[in-house]
Amino acid sequence: MTSTEAWNQLGDYLRETQLLGSIQSTLYWDQNTSMPPAGSTWRGEQLSYLAKSLHARQTSTEYELLLKTAKDEFEKDCSSKELNQLVISQRARNIQLLEKDLKRQKSLDPDLVVSLAIAKADGYNLWQAAKEKSDFKYFSSALKNLVSLRKEEANQLSENRSCWETLAQPYEPDLTIKRLKELFKPLEKCLPELIDKVKRVRKPISKSWDLSEKSQEQLCQKLLNSWSRNSKNTSIARSPHPFSITLGPDDFRITTRVVPGQPFSCFLATAHEWGHSLYEQGLPSSSHQWFAWPLGQATSMGVHESQSLFWENRVARSFSFSERYWKDFVHEGAPLSCAKDLWHEMNPLAPGLNRVEADELSYGLHIVIRTELEIAMLEDDLDVEDLPGEWNKKYENLLGVIPLNDSEGCLQDVHWSEGAFGYFPSYLLGHLISAQLSEAMSNSLRESGVKGVDPISTCIRDGNESILLSWLRKQVHCHGRQMNAEELVQLVTGKELSSEFFLKYLEKKLELLTSNS
């Protein structure tokens, strides 16, 4: 067997594994968008069967042998100098990641994998019911079960990390609680101070108007069409919680939602989820059926979030964007008299209860609260029954608001119903990464001849967002899992990841918003 034959056989095996994974993702899409409630039990069985089958493939002796054979012959080719340096780098990284993932999968008991799949399906349905009733007790037993199963998962993986750190690795490789605290501590100090400053100089905006669902849909369509949407490989639907998902190499889906009394919710959620999808569409496509190989996957969820947040906040919430779009909102019935009106409405700068609807200023504190609580549940023995009370205390202390009910409080997010402990920090890391990448982008565009004090705003004002996307494609999207998030930031910006750039961006934006109040 030649090296190419061994490599291609491994690729074929990985491709079949990914086919199963994409079927699982398709069922998840259906569960969130159109599945009737009565189908939940059978769906749970379907998902648990697929999870068991996937785990079997990912830990089989056949797969282990294929990987070993491909690695051995790759090493022979390296010593004989038959491969160029780029191919050597790509294959070496793919093998490293495959071996790491194999070790992780082989550490898990198949029965635990099945139990987790069932618990996630049940958890999602019970979360929906509890949220509808606004009563945490309908969900608490499911959450207890998920916490217990995830603790067991971390125990079986037996990595040299804490329980929470172990569970966070699939989302944010190499992240530690110590590093997280280093990045978040300046935010915990500065964000409340900035919020207090805004409160003193700007009155909260109180919306007394709304847009019809049809109008919101039309505005979203206009946005997506101007942001490189290809209707032949993308699809949009509604779900209780907006998300983006990739079902195949040429099948990209997003969902959004319309919230009564929140005329910008659907629009901004669409911008956010489309940012995720643009990243997925820009991941490496030339590396041996990218959909099957690790290098074709996202660097981390923090990088993923940085892309969605760039399009939602740096672009859609910018004044330049409002200059272009305010008349479109007026056409659909928004009571706006100028671009400045839309800009201020898009940036309310008032602490609220809901993370998804939060402005850039208070959003980070929503994530700090969730991160502290899930670490407490997993490592500090916070009783699940006490979660609503602890949630409310933290909201009062950090944001100065108190939920009136559980739906406004600890039931607002889907993540814990799926056992996704360790994901939440990626949102705030995404803010930090986005701000730092944006500064590097501005410098690069300026050097390439884009005019204006802020070259990104110039591109937005002129309708040239394709220039921004092109820069991201070349500098960020192309790397996949070649490195971790902090290494990517260092490579692109030449600096270590820091909260400094995000705080600097916020301070500048707040100054402009408050001086134009």
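Residues numbered from 1 in each chain as written. Predicted model: local features only at pLDDT ≥ 70, side-chain atom pairs only at ≥ 80, totals over all residues. Heavy atoms only, no water.

Notes on the overall build of the protein
This is how it is decided: Helix numbering and strand numbering both begin at the N terminus, where a helix is a DSSP run of H or I of at least 4 residues and a strand a DSSP run of E of at least 2. Counting rule for charge: Lys and Arg are taken as positive, Asp and Glu as negative, and neither His nor the chain ends is counted. Every charge is mapped to an atom, namely NZ of Lys, CZ of Arg, CG of Asp or CD of Glu.
When helices and strands are tallied, the protein shows 20 helices and three strands. With the C-alpha coordinates aligned to their principal axes, the bounding extent of the protein is approximately 70 × 60 × 45 Å. Across the protein, the centroid of the 59 positively charged side chains sits 4 Å from that of the 71 negatively charged ones.

As for the environment of Ile245
Worth spelling out the cut-off: Note on definitions: a residue-residue contact is assigned when non-hydrogen atoms from the two residues lie within 4.5 Å.
Mapped onto the secondary structure, Ile245 falls in strand 2 (residues 244–248). Expressed as a C-alpha distance, the spacing of Ile245 and Ser25, which sit 220 residues apart in the sequence, is 7.6 Å. Those residues in contact with Ile245, other than ones at most four positions away along the chain, are Ser25, Tyr28, Trp29, Asp251, Phe252 and Arg253.

A short note on the environment of Leu387
Note that Leu387 resides in helix 15 (residues 387–399). When the C-alpha atoms of Leu387 and Gly409 are compared, they prove to be 9.8 Å apart, with 22 residues separating the residues in sequence. Filtering out sequence-adjacent residues up to four positions away, Leu387 remains in contact with Phe136, Leu143, Leu373, Met377, Leu382, Cys410 and Trp416.

Examining the packing of helix 5 (residues 110–133) against helix 6 (residues 137–157)
Put simply, the rule reads: Axes here mean lines fitted to C-alpha atoms, for a helix over just the part in contact, with angles spanning 0 to 180 degrees between N-to-C directions. Oblique is the label for any angle not under 35 degrees, not over 145, and not in the 65 to 115 range, which are roughly parallel, roughly antiparallel and roughly perpendicular in turn. Each crossing gets its handedness from the near helix: less than a right angle anticlockwise from the far helix is left-handed, clockwise is right-handed. Side-chain classes are defined by residue name, with Ala, Val, Leu, Ile, Met, Phe, Trp, Tyr, Cys and Pro counting as nonpolar, Asp, Glu, Lys and Arg as charged, and the others, Gly among them, as polar.
Two elements in contact, helix 5 and helix 6, have axes whose closest approach is 8 Å; the angle formed by their N-to-C orientations is 150 degrees. Classified by the interaxial angle, the pair formed by helix 5 and helix 6 is roughly antiparallel. Regarding helix 5 and helix 6, the two cross each other, and that crossing is left-handed. Between helix 5 and helix 6, the residues in contact are Leu112, Ser115, Leu116, Ala119, Lys120, Gly123, Leu126, Trp127, Ala130 and Lys133 and Tyr138, Phe139, Ala142, Asn145, Leu146, Leu149, Arg150, Glu152, Glu153 and Gln156, respectively. Across the contact of helix 5 with helix 6, the residue classes break down as 11 nonpolar, four polar and five charged.

Examining helix 14 (residues 360–379)
Rules: Multiply 1.5 Å by the residue count of a helix minus one, and that product is the helix's expected span. We define a polar contact as two N or O atoms separated by no more than 3.5 Å, with the added condition that, inside protein, one atom must be a possible hydrogen donor and the other a possible acceptor, whereas residues neighbouring each other in sequence contribute only through side-chain atom pairs.
Counted at 1.5 Å a residue, the expected span for helix 14 with its 20 residues is 28 Å, and the 29 Å between its end C-alpha atoms agrees. Backbone nitrogen of Leu361 and a side-chain oxygen of the N-cap are separated by 2.9 Å at the start of helix 14; the cap is Asp359. Phi turns positive one or two residues past the end of helix 14, at Asp381, with a value near 60 degrees.

A short note on the nonpolar core
To keep it simple, the criterion reads: Think of a nonpolar core as a cluster: buried Ala, Val, Leu, Ile, Met, Phe, Trp, Tyr and Cys residues, connected wherever their side-chain atoms sit within 4.5 Å. Only protein chains enter the accessibility calculation, which uses a 1.4 Å probe. A residue is then buried if its area is under 20% of the maximum for its type, exposed if over 50%, and partly exposed in between.
Formed by 129 residues in total, the largest nonpolar core has its most connected members in Leu143, Phe321, Phe329 and Leu468. Among the elements that make up this core, the one with the highest residue count is helix 14 (11 residues). Once you skip the residues sitting within four places of it in the chain, Phe321 turns out to touch Leu223, Trp227, Phe267, Val315, Ala316, Met346, Ile460 and Glu465. Core analysis: the next-biggest nonpolar cluster, separate from the first, contains 17 residues, Leu14, Leu66, Phe74 and Ile88 among them.

Digging into the pairing of strand 3 (residues 251–256)
What counts, and what does not: The criterion for strand pairing is that DSSP finds at least two bridges linking the strands in question.
Within strand 3, five of the six residues are buried, leaving the element largely enclosed by the surrounding structure. The pairing of strand 1 (residues 234–238) with strand 3 spans five bridges and is parallel. Across the sheet, Arg238 pairs through a bridge with Thr256, a residue of strand 3. Taking the residues that link successive antiparallel strands as the turn, the strand 2-strand 3 hairpin has two residues.

Structural notes on the sheet that holds strand 1
Spatial ordering of the open sheet is given by 1-3-2, a layout of three strands whose pairing is mixed. Of all strands in the sheet, those bounded by a partner on one side alone are strand 1 and strand 2. Between one strand and the next, the sheet's axes are offset by a mean angle of 25 degrees, whatever the strand orientation. Judged from the four bridges that link them, strand 2 and strand 3 form a sheet pairing that is antiparallel. Residue Ile245 lies in a different strand from strand 3, and its bridge partner there is Arg253. Contacting strand 1, strand 2 and strand 3, helix 10 (residues 265–282) crosses the sheet at an angle of about 160 degrees to strand 3.

With respect to the packing of helix 2 (residues 40–59) against helix 4 (residues 85–106)
Two elements in contact, helix 2 and helix 4, have axes whose closest approach is 9 Å; the angle formed by their N-to-C orientations is 125 degrees. If you check the angle between helix 2 and helix 4, you find them oblique. Here helix 2 runs over helix 4; the crossing is left-handed. For the pair helix 2 and helix 4, the contacting residues are His55, Gln58 and Thr59 in the first and Leu102, Gln105 and Lys106 in the second. Split into classes, the residues belonging to the contact of helix 2 with helix 4 amount to one nonpolar, four polar and one charged.

What to know about the pattern of salt bridges
Note the following rule: One side-chain nitrogen of Lys or Arg within 4 Å of one carboxyl oxygen of Asp or Glu is enough to make a salt bridge.
In this structure the tally under the stated criterion is 30 salt bridges. Note that Arg179 and Glu182 form a salt bridge whose closest N and O atoms lie 3.2 Å from each other. Of the two residues, Arg179 and Glu182 both sit in helix 8 (residues 177–201), three residues apart, roughly one turn of that helix. Judged by its relative accessible area of 16%, Arg179 falls in the buried class. Using a relative accessible area of 42% as the deciding quantity, one classes Glu182 as partly exposed. The closest approach of N and O atoms between Asp413 and Arg370, which form a salt bridge, is 2.6 Å. With Asp413 in the loop between helix 15 and helix 16 (425–447) and Arg370 in helix 14, the pair connects residues that are 43 residues apart, well separated along the chain. Taken together, the salt bridges that share partners define one network made up of Lys178, Arg179, Glu182 and Glu486.

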